[in-house]
Amino acid sequence: MKITKKTFPSPKGEITWYELTNAQGASVVLSTMGAGIVEVRVPDKDGKIENVALSYENAADYIADGPCLGKCPGRYANRIAKGHLEVDGKEYHLAINNGPNALHGGPEGFQNQNWAAEEVADGVKFTYNAKDGEENYPGNLTVTATYRWSDSNKLELDFHAESDADTVVNMTNHAYWNLDGADAGSIFNHEMKLKAANWLPTDGTQIPTGEIAAVASTPMDFTELKKIGKDIKEDFEALRIGKGYDHCWVIDGWKPGLMVENAVELKGENSGRKLTVSSDQPGVQVYTGNWLAGCPKNKSGKSYEDYEGVAIEMQGFPDAPNKPGFPSQLLKAGESYGRKIIFAFSAE
């Protein structure tokens with residue numbers, strides 16, 4: 001594995017991009033800013049290699065961007081209702097930064113921090129130390145995000161975290177994919193399949209109600225390959241609330257520590273590229289880039305428009321700290337949090 005790096009100035013200090021190139025000539029670019037994925041360059045059905053991860057032109061533009069492009073949000077990815085968090089009977093008030101709710105750990109969040117980095121075998125290990133009280137979360141937390149790139153075009157992401165006090169953790173990656181090429185336009189003709197017979201309905205502010213509902217006979221049904229755009233404009237309350245898909249699905253057969261293979265399958269219509277995502281996370285938030293317009297410029301010199309990429313965020317359930325029926329995201333002091341996501345790319 002060939003690893004090269006470039007550095008860029010920014011208001012948050014020097015940002016480093018690492019490029020990992022495998023024996024096939026396919027490559028991944030990773031950033032210290034938010035432990036992010038900048039590019040994934042893989043072949044299409046004809047062998048043409050191009051980037052399939054939405055990317056900005058400038059490294060500093062990833063700081064505090066609305067879409068959270070490619071980065072690892074935390075300490076708690078997704079939403080917590082009204083910023084209300086209770087740990088060990090003590091109440092914490094989180095920053096409100098998404099309507100009436102807390103989103104992605106707060107306005108600063110892990111995604112807007114410049115992580116430390118070190119090269120490891122076939123990859124890069126990013127480390128961030130979050131202080132007790134940072135964004136009003138309890139506990140000094142050390143989190144690592146380790147990426148490894150293989151000759152078979154698999155990108156593995158391992159999260160680990162430890163805290164000196166009881167806290168909550170929910171880590172994911174927020175890359176947006178367009179398998180026909182990062183600047184290829186709408187992803188409505190991408191086909192997607194989810195190993196998920198159930199999803200989490202929400203209130204009007206996109207907080208789960210606590211109900212686990214069947215996808216059958218609704219636009220939320222992706223149990224077989226289906227074009228993302230097929231039902232996205234349907235008159236269905238969840239789609240009206242989110243302006244498209246921005247919901248969490250419940251992974252079939254999930255148990256703590258169990259890797260679910262091919263939990264998500266995504267296919268590009270024109271390129272023949274295929275992405276399969278495996279993980280030991282209980283849910284997947286699928287977000288169809290409903291609010292991408294106005295983001296920083298990409299390498300084509302323009303901003304992405306709405307629906308030009310799809311984020312596949314393997315994660316714990318939104319608002320789980322306030323929903324006792326959901327899988328717990330509590331991390332006890334001295335214990336270890338570990339989660340894994342594998343993005344596997346191919347073409348046919």
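Residues numbered from 1 in each chain as written. Predicted model: local features only at pLDDT ≥ 70, side-chain atom pairs only at ≥ 80, totals over all residues. Heavy atoms only, no water.

A few words on the sheet that holds strand β1 (residues 2–8). Either a parallel or an antiparallel arrangement is found when strands of a sheet pair, and the pairing is made through backbone hydrogen bonds. Spatially, five strands are ordered β1-β2-β3-β4-β5 in an open sheet, and the strand pairing comes out antiparallel. Of all strands in the sheet, those with a lone pairing partner are β1 and β5 (49–51), marking the two edges. Taken pair by pair, the neighbouring strands of this sheet meet at an average axis angle of 15 degrees, ignoring direction. Direction of pairing for β1 relative to strand β2 (residues 15–21): antiparallel, over a ladder of seven bridges. From the neighbouring strand, K5 faces β2, where its bridge partner is Y18. (Pairing = 2+ DSSP bridges. Helix = DSSP H or I, 4+ residues; strand = E, 2+ residues; numbered from the N terminus. Axes fitted to C-alpha atoms, helices over the stretch in contact; angles between N-to-C directions.)

Relative to strand β11 (residues 123–130), strand β10 (residues 116–120) runs antiparallel, the two sharing five bridges. Bridge pairing in β11 links E119 to V124. Here β10 hands over to β11 after two residues, with D122 in that stretch at a positive phi of 60 degrees. Bridge analysis of β11 against strand β12 (residues 141–149) gives eight bridges, and the strand direction is antiparallel. For Y128, the partnering residue across the bridge sits in β12 and is V143.

In this structure, V40, W177, W249 and F345 are the most contacted members of the largest nonpolar core, which totals 65 residues. With five residues, β12 is the largest single contributor of residues to this core. Discounting chain neighbours no more than four positions away, the residues touching F345 are V40, V42, V52, W149, S152, N153, W177, L179, K274 and L275. With 18 residues, the next largest nonpolar core counts V29, A59, A182 and A311 among its residues. (Core = buried A, V, L, I, M, F, W, Y, C linked by side-chain atoms within 4.5 Å. Buried < 20%, exposed > 50% of the residue type's maximum accessible area, 1.4 Å probe, protein only. Contact = heavy atoms within 4.5 Å.)

Quick look at the sheet that holds β12 now. The strand order across the open sheet formed by nine strands is β10-β11-β12-β13-β26-β22-β21-β16-β19, and the pairing between neighbours is antiparallel. The open sheet has two free edges, formed respectively by β10 and β19 (226–227), since each of these has just one partner strand. With seven bridges connecting them, strand β22 (residues 273–279) and strand β26 (residues 336–347) associate as antiparallel partners. Across the sheet, the residue bridging to S278 is I342, located in β26.

A complete count under the given rule lists 17 salt bridges for this structure. Note that K332 and D166 form a salt bridge whose closest N and O atoms lie 3.1 Å from each other. Of the two residues, K332 sits in the loop between β25 (330–331) and β26 while D166 sits in the loop between β13 (154–163) and β14 (167–168), which places them 166 residues apart along the sequence. Looking at K332, the relative accessible area reads 35%, which means it is partly exposed. For D166, a relative accessible area of 13% translates into the label buried. (Salt bridge = Lys/Arg side-chain N within 4 Å of Asp/Glu carboxyl O.)

Each regular strand carries side chains that alternate between the two faces of the sheet. With respect to burial, β22 is a largely interior element, seven of its seven residues being buried. Of the two faces of β22, both are covered, the one formed by R273, L275, V277 and S279 as well as the one formed by K274, T276 and S278. Bridging between strand β21 (residues 260–267) and β22 involves five bridges; their strand directions are antiparallel. The residue of β22 that forms the bridge with E265 is T276. Between β21 and β22, which pair antiparallel one after the other, the connecting turn spans five residues, and G272 there sits at a positive phi close to 75 degrees.

Turning next to the side chain of D44. Secondary-structure assignment places D44 in the loop between β4 (36–43) and β5. One buried charged residue, D44, remains without a salt bridge, the closest side chain of opposite sign being R273 at 4.5 Å. Within the structure, D44 has its side chain in polar contact with the backbone nitrogen of D46 (distance 2.9 Å). Setting aside residues no more than four positions away along its own chain, D44 makes contact with S271, R273 and A347. (Lys, Arg positive; Asp, Glu negative; His and termini not counted. Polar contact = N/O pair within 3.5 Å; in protein donor to acceptor, adjacent residues only side chain to side chain.)

Let us now look at unusual backbone geometry. In this chain, G74 is followed by R75 through a cis amide linkage whose omega measures 10 degrees. On the secondary structure map, R75 appears in the loop between β5 and β6 (79–80). Unlike most non-glycine residues, N78 shows phi in positive territory, near 75 degrees. Mapped onto the elements of the fold, N78 is located in the loop between β5 and β6.

A separate point is the state of the cysteines. All chains considered together, the criterion is met by zero disulfides. You can see C72 has no disulfide; the closest cysteine sulfur is in C68, sitting 8.3 Å from it. Lacking any disulfide linkage, C248 is separated from the closest cysteine sulfur, that of C68, by 16 Å. Using a relative accessible area of 3% as the deciding quantity, one classes C248 as buried. (Disulfide = S-S within 2.5 Å.)

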